Structure formats: structure tokens, C-alpha cells
Amino acid sequence: MSDLQIRPVRYGSPVAQRLVQAIYADQEERYGSGDAAPVEAMEFDPPDGGFLVAYLAGEPVGCAGWRSHGESEEIAELKRVYCVPSARNRGVASALVAAVEENAREHGRKRMILETGDRQPEAVALYAKLGYADIEHFGFYKDEAGVVSMARDL
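Here the structure is a predicted model, which means the values were calculated and not measured.

Caption draft 1: Region of interest: the overall build of the protein. Broken down by element type, the protein carries three helices and seven strands. Over its C-alpha atoms the protein spans a radius of gyration of 14 Å, differing by no more than 12% from the 15 Å that the globule rule assigns to 154 residues. The dimensions of the protein, computed from C-alpha atoms along their principal axes, are 40 × 35 × 30 Å. Split into buried and exposed, the 154 residues of the protein put 43% on the buried side. Element-wise, carbon and sulfur atoms account for 49% of the exposed surface of the protein, whose accessible area totals about 8,100 Å². Distance from the positive charge centre (17 side chains) to the negative charge centre (25 side chains) of the protein: 4 Å.

Laid out in C-alpha cells, this is it:
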């Protein structure tokens with residue numbers, strides 16, 4: 001997709017926050033509530049994280065980010081992967097995940113982990129297609145029914 005551009009932005013920026021609010025609205029529909037996991041905007045600031053926005057024809061259509069996980073400087077956690085409905089099934093999410101992985105790799109991360117939910121089957125399928133495999137649950141939702149935890153080496 002030649003007109004796709006992916007650019008780093010601050011997590012607290014207006015464009016990022018509009019996309020994050022769309023994530024919460026989607027989660028509200030699927031789960032009855034948005035993501036309650038604590039997230040601080042500064043967690044996505046380099047060198048301990050990164051946040052990217054995808055643009056098609058100049059319009060923001062998706063986002064994804066990573067933040068450091070735990071004490072290890074080698075593990076990154078994938079967060080806030082989202083693509084607007086009108087841009088889905090066009091490779092935007094795959095491109096975003098690849099760009100986030102590269103950004104994390106550039107900052108010394110060697111493994112990417114993530115949490116999602118079983119009410120997001122398209123996300124689970126995307127991650128499996130990209131080489132992510134199930135791991136032991138971790139993080140905020142580790143004891144919740146329906147949590148899906150995955151990882152892959154970068």
C-alpha cells in the first residue's frame with residue numbers, strides 16, 4: 001500500500017488520543033467496558049517505548065505502541081493496536097505491528113509480548129499470522145476469563 005505512512009507521535013498527542021478513544025469505544029461494545037489497565041503517556045516515550053500512527057491519504061487510520069515490560073530491558077509490550085473500520089483488511093494493522101516491532105528492536109528489545117481478549121478474534125488471528133504464540137498470562141488481566149497472552153522474539 002504505497003500511500004500508507006507510519007509516523008511516531010507522542011501518546012498524549014491529539015491524534016493519538018482520538019485513536020485511543022476509538023479503541024475504548026470498540027472495547028466497550030465488545031466487553032461492556034474500556035481497557036482499565038493503567039497506562040501513563042510517558043511509558044510510550046523513547047527510549048522506553050514508542051507510539052506510531054498510520055496515515056492513509058493524510059488521514060490517521062490506525063495506531064500501535066510499545067512500552068517496556070518489567071525489569072528486563074529486552075522485553076517490550078505491544079499496546080493500543082487499532083485500525084479504523086474503513087481501513088481494515090488493507091494491511092494497515094500488519095504494517096503497524098511490523099513498524100512497532102522495528103522501533104522496539106532499535107531500542108534493544110528482543111521479545112514482544114501482548115495481551116488481548118477472546119472477543120477480538122481478528123486481533124488474535126492477526127497476531128498468530130505474524131508469528132505470535134500463546135504464553136503464560138501476565139499483567140493486569142492475567143486472571144480474567146477470556147484473556148489471550150501471546151509473544152514472539154524480535
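Caption draft 2: The pairing of strand 5 (residues 111-117), seen in detail. Here strand 5 lies mainly inside the structure; six of its seven residues are buried. Taken together, strand 4 (residues 75-83), helix 2 (residues 92-106) and strand 5 constitute a β-α-β crossover, and its handedness is right-handed. Bridge count for strand 5 against strand 7 (residues 147-153) is seven bridges, and the pairing is antiparallel. For E115, the partnering residue across the bridge sits in strand 7 and is S149.

Rules used throughout
- Residues numbered from 1 in each chain as written.
- Predicted model: local features only at pLDDT ≥ 70, side-chain atom pairs only at ≥ 80, totals over all residues.
- Heavy atoms only, no water.
- Helix = DSSP H or I, 4+ residues; strand = E, 2+ residues; numbered from the N terminus.
- Rg over C-alpha atoms; globule rule 2.2 N^0.38 Å.
- Buried < 20%, exposed > 50% of the residue type's maximum accessible area, 1.4 Å probe, protein only.
- Areas by Shrake-Rupley, 256 points an atom, 1.4 Å probe, with all protein chains shown as cover.
- Lys, Arg positive; Asp, Glu negative; His and termini not counted.
- Charge placed at Lys NZ, Arg CZ, Asp CG, Glu CD.
- Right-handed = clockwise from strand over helix to strand, strands pointing away.
- Pairing = 2+ DSSP bridges.

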